[in-house]
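Structure assessment
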Amino acid sequence: MVMKSKRLVCIMLSLLLFQCSTFTAAAVDNVLQNQAVNGGVINQNIVFVDLKTDHWAYEAISDLSKKGYINGYEDETFKPDNSITREEFAKLIATTFYLDIPSPKAPSYYDVQTDKWSYPYVEAAKDFLTGYYPPGGKAFFSPEIKATREDVAVALVKTLGLTTNDLTNKNILDRKFKDVSKVSYGIRDYVAIATERSLISGYEDGTFRPDKPITRAEIATLLYRAIKTSAKDQGDGPLLKVSVPEKTSNSTVYISGTVSNNAKVTINGKDVTKIIDGQFKEGFKLEKEGSYELTIIATLSSGKTNTIVKKVTYEIEGPELKIDDIPETTSSQTISISGTVTDKNDSFPTVYLNDEKIHGSNYFSKSDIVLVEGENILVFKAKNSLDKVTTITKKITFTAGGPTLKIDEIPETTNSQTISISGTVTDKNDSFPTVYLNDEKIGGSSYFSKSDIVLVEGENILVFKAKNNVDKVTTITKKITFTAGGPILKVDDIPETTNSQTISISGTVTDKNDSFPTVYLNDEKIGGSSYFSKRDIVLAEGENILIFKAKNSVGKVTTVTKRITFTAGGPILKVDYIPEKTSSSKISVSGTVTDKNDSFPLVYLNDEKIGGSSYFSKYDIPLKAGENTFVFKAVNNLGKSSTVTKSVYYQK
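Okay, so let's go over this structure. (Residues numbered from 1 in each chain as written. Predicted model: local features only at pLDDT ≥ 70, side-chain atom pairs only at ≥ 80, totals over all residues. Heavy atoms only, no water.)

**A look at the pattern of salt bridges**
One pass over the full model with this rule turns up 19 salt bridges. Note that Asp75 is salt-bridged to Lys79, the shortest N-O span being 3.4 Å. When its relative accessible area of 45% is taken as the criterion, Asp75 is described as partly exposed. Judged by its relative accessible area of 28%, Lys79 falls in the partly exposed class. Notably, a salt bridge pairs Glu218 with Arg149, separated by 3.3 Å at the nearest N-O pair. A residue pair is termed long-range when its members are at least 10 positions apart, and Glu218 in helix α8 (residues 216-235) and Arg149 in helix α5 (residues 149-159) qualify at 69 residues. For Glu218, a relative accessible area of 7% translates into the label buried. Linked through salt bridges whose partners overlap, the residues forming this network are Glu87, Lys116 and Glu144. (Salt bridge = Lys/Arg side-chain N within 4 Å of Asp/Glu carboxyl O. Buried < 20%, exposed > 50% of the residue type's maximum accessible area, 1.4 Å probe, protein only. Helix = DSSP H or I, 4+ residues; strand = E, 2+ residues; numbered from the N terminus.)

**Re helix α7 (residues 188-196)**
What α7 keeps buried is the set Tyr190, Val191, Ala192, Ile193, Ala194 and Thr195. Downstream of α7 by one or two residues, Ser198 has phi in the positive range, about 60°.

**Quick word on the packing of aromatic side chains**
Following the criterion strictly, the structure yields nine aromatic pairs and no others. Taking 5.1 Å as the distance between ring centres and 50° as the angle between the ring planes, the aromatic pair formed by Phe177 and Phe208 counts as tilted. Separated by 31 residues along the polypeptide, Phe177 in the loop between α6 (172-176) and α7 and Phe208 in the loop between α7 and α8 bring together distant segments of the chain. Residue classification places Phe208 among the buried positions, given a relative accessible area of 0%. Through successive ring pairs, a cluster of aromatic residues spans Tyr109, Tyr133 and Phe141. Across the ring face of Tyr73, the terminal group of Lys79 is positioned such that the distance to the ring centre comes to 4.4 Å. (Phe/Tyr/Trp six-rings, centres within 6.5 Å; stacked < 30°, edge-to-face > 60°. Lys NZ or Arg CZ within 6 Å of the ring centre and 35° of its normal.)

**What to know about the sheet that holds strand β10 (residues 320-323)**
Strand-to-strand pairing in sheets goes through backbone hydrogen bonds, with the strands running parallel or antiparallel. Pairing is antiparallel in the open sheet, where three strands are placed in the order β10-β12-β15. Every other strand in the sheet has two partners, leaving β10 and β15 (363-370) as the edge strands with one partner each. Going across the sheet, the axis of each strand differs from the next one's by a mean of 20°, ignoring polarity. Note: β10 against strand β12 (residues 334-342), four bridges, orientation antiparallel. (Pairing = 2+ DSSP bridges. Axes fitted to C-alpha atoms, helices over the stretch in contact; angles between N-to-C directions.)

**Quick look at the pairing of strand β7 (residues 279-285)**
The pairing of strand β3 (residues 252-259) with β7 spans seven bridges and is antiparallel. The residue bridging Gly257 from the neighbouring strand is Phe280, located in β7. A loop of two residues connects strand β6 (residues 275-276) with β7, the two strands running antiparallel in sequence, and Asp277 in this loop sits at a positive phi of about 50°.

**So, the pairing of strand β33 (residues 557-566)**
Across two bridges, strand β27 (residues 497-498) lies against β33 in parallel orientation. Residue Thr497 lies in a different strand from β33, and its bridge partner there is Thr565. Two strands pair when backbone bridges link them, and strand β32 (residues 542-551) and β33 are joined in this way by 10 bridges, in the antiparallel orientation. Bridge pairing in β33 places Ala550 opposite Thr558.

The structure is reproduced here in structure tokens:
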């Protein structure tokens, strides 16, 4: 369906706001009409007997009725609290906005067939007042249920030609309404736009109430706001945001931006040919180097404009020069360099290193560059056929250092009295540097190791030295603290809370100095090997503290404390489907009940026992005319209970 322009929508809103005639014998007359009073003449003296001047919607209803956009009932009432159905609202949208009324052979919704009076209107308005699409099922419209506040909010936004791209504040619903989670997820951005544009608001208690049926008073107020919003949009100039680079080296510069829907955009008098959902991107040709002024103008059909002037400088750059990584410092006297150079205007720019030519193609390299002791400055220059030059300067400091010494990981603490160490040593000037540990020689090649180093209780300092043939020395100091600790005790996961009175525990314990440490739970021995467990531990109501202790053969103890809170909850009570309305004088009920601490909880219906096992039912319960309330209650052997209340309305 093609959306009318925003200006046309505004005109139509001003001419015909609501038009709902009698649909069926059961439909309500004069839902909201667009019949002008007294044959189209504005009536300044319309008074509804049920609408006082202090009514919250008085201004909107009064203004729209005086202009002949809405009407009341024959008894001179307006009935502001009356609601309308979704199919009535669909006809209202279709007729108000002169939508094409289709008659497709196949209906879009299974509950609005071709023989239903509202069928063509629902098909016409389906892009504004959408239906429901359950996964794996047929789409349905629910034509006879009441139109809700979120239905109307979305319809207003869409009929005004707004899209989700028009939303400025993504967090407006969370900030304004505490029941935002009740807004249908797929349409939240539309409800947010309606809120942002003041087309709809919430209630004093900070709620939006998206599923509440919309009333005649609310409809009038929302349309009143929509008219004012559309009028303001037509009075203001269009939205225009433009992005242009300040400098460019390309002969074509791209101007991108955002503009109001249905606005026309020109750049230096030339039309922008492609605008999609208010977004555009247009190329502009730059003939020669220099500064250019770009005038971007957005124009509405009403003639209102918005102008932005941008300046861009076009300057051809030198070659693009990239130098591969060069370290800031090195202990090697010779290095190799490489890189790439490209230029839009020259396929073979020339590269120089410290004024020595080293290149005449896209890739360049030079090996065995000799460094002097200290800082070395390498100046790379790339020059193209237009004499444009790009320069990159690199600095590298050469220091003839000692060997490179690496020690494999040594823990900071251990409870083992002996450890092993290993590592590697390399030197650019010596293939066989010597390694010492605390002045004892332990290696004379690139790899070294030593096993069974005995530690003393407390801190141990290990000093590694590597010395090359020119007496350059590298030193690494490691510290490791030896403590004969307790066993390693791991308790398997225990929940923080439970509604079961008994639990089981398990875990593992290891000790480097004892193969069979003893485990205690609250001072009761429960294990004497690497794995331990205990079942059917009875919990007390409330918090229970479980203290696990592991003790090794040298008297070292490790303790782990766990807390678990036992709360005996009520049974899980599920009642099978009960209709909200019925024309049958009797009804049957059934359901299931389960309880972790009671295999046979009791079930009561309105204080009458109807079950004592996992399944319960009661048949042929007589109903009284009107509302019938059923209170289901399940009670376990600990006196805990759960309640489910159901209501069914019996109408003959």
